[in-house]
Amino acid sequence: MVALRGKEIDAFLARPDPGRPIILLYGPDAGLVRERANALLASAVDDPNDPFSLVRLDGDELAAEPSRLVDEAMTIPLFGGRRAIRVRAGSRSFASGVDTLAEQPLKDCRIVIEAGELRPESPLRKACERAKTAVAIACYPDAERDLAKLIDDELRVSNLRIAPDARASLMALLGGDRQASRNELRKLALYAHGKGEVTLDDVMAVVADASELKIDPIVDGAFAGNAAAVETEFAKAMVAGTYPGMIISAAQRQAAWLHKSALAVADGTPVSTLLDSGFPRLHFSRKSNVETALRNFNAARLLAIIEQLATAALEMRKQAALAAVIAQRALLSIAVNAKRRG
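Keep in mind that this is a model prediction, so the values were computed, not measured. (Residues numbered from 1 in each chain as written. Predicted model: local features only at pLDDT ≥ 70, side-chain atom pairs only at ≥ 80, totals over all residues. Heavy atoms only, no water.)

Please set out helix H8 (residues 164–173) residue by residue, giving values where relevant.
Of all the residues in H8, the buried ones are Ala166, Leu170, Met171 and Leu173. Taken down its axis, H8 places every buried residue within 160° of arc, on the same side. Looking at the buried residues of H8, the elements they touch are helix H7 (144–157), strand E7 (161–162), helix H9 (178–191), strand E8 (197–198) and helix H10 (200–206). Taken from the residues just after H8, Gly175 is the one with a positive phi, measuring 125°. (Buried < 20%, exposed > 50% of the residue type's maximum accessible area, 1.4 Å probe, protein only. Helix = DSSP H or I, 4+ residues; strand = E, 2+ residues; numbered from the N terminus. Arc of directions from axis to C-beta. Contact = heavy atoms within 4.5 Å.)

Any chance you could break down helix H16 (residues 299–318) for me, citing the residues and the numbers?
Given a rise of 1.5 Å per residue, 20 residues ought to cover 28 Å, and the 29 Å separating the end C-alpha atoms of H16 matches this to within 8%. Within H16, burial applies to Ala299, Arg301, Leu302, Ile305, Leu309, Ala310, Ala312, Ala313 and Met316. Residues of H16 that are buried sit in contact with helix H11 (216–224), helix H13 (244–266), helix H15 (287–296) and helix H17 (323–338). Measuring from the backbone nitrogen of Ala300 back to the side-chain oxygen at the start of H16 gives 3.3 Å, which picks out Asn298 as the cap. (Expected span 1.5 Å × (residues − 1). Polar contact = N/O pair within 3.5 Å; in protein donor to acceptor, adjacent residues only side chain to side chain.)

Outline the pattern of salt bridges, supporting the account with residue identities and numerical values.
For the structure shown, the criterion picks out 20 salt bridges. The partner of Arg182 in a salt bridge is Glu35, with the nearest N and O atoms 2.8 Å apart. Note that Arg182 is positioned in helix H9 and Glu35 in helix H2 (residues 30–42), a separation of 147 residues in sequence. Judged by relative accessible area, which is 21%, Glu35 ranks as partly exposed. A salt bridge links Lys149 to Asp153; its shortest N-O distance comes to 2.8 Å. (Salt bridge = Lys/Arg side-chain N within 4 Å of Asp/Glu carboxyl O.)

The values are spatial; any link to function lies outside them.
Here's what the structure looks like:
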């Protein structure tokens, strides 16, 4: 089973193993998936803009003809050189193509597959984890340590320091999507150029909530029992182009945090302590809704919601065309059930 973890991922990305040319990148952080894919492809070919060097394939189209993946990987470039294949996985499985490809001797060809969140029993994930010539890399939202490093790395390039209170607020605003977080940091660095130190005022003036700006009101509305807010904010997010899966992923993280917090409250921990501690730190504007959510749900009901959201996420992958409908239905169900306290 080749599923990398922690420092193994950093080591592999820095120096990819030529003996494992099939690379699956998956997880809820779409920005991190794209960032890692771009890096792996840039180091795999001489010119990523050359269509003969870098072939792009759609996973759902491959599902109808999985053998095409093998054909493309075994093709020898007319003018020589290295090749790479970029596959964007959809809702349909092309795992049989990966199984066949894993048995072929590949030379100077790297295959990078990008996917959303995959369960352990997913055919694509299982195919890549069991193949000796493949590797599966999970891409989850940045933890506190990762986010601190990202902030330092981006600001250092612009010779900037950051004040402690500014760092604390910035940590709470970033993290749901690596690419979005990096973009926000670069925007902040440009705004503070020449100042030497980034202040809290700079952060509040420039940094949009790259992880949850359009999503927080939806998720908080659902757990607080505000169905009207869910409908309104969900519609806004769809108009803005937000992927429904990101909203459900945020709801899953919130449900897990609420469940953990509900157990702590049952053991005697004050709600105020929970709201003021932990990572990521809650923005002050969210505390009222989160406190309401903790009053609305006990730990047992939150476990049921976690299962409900997992089912919704799976159905969204199976029926991509109905993803928005499935996500909104799940969130409205939570909002309606929140009215039934306990």
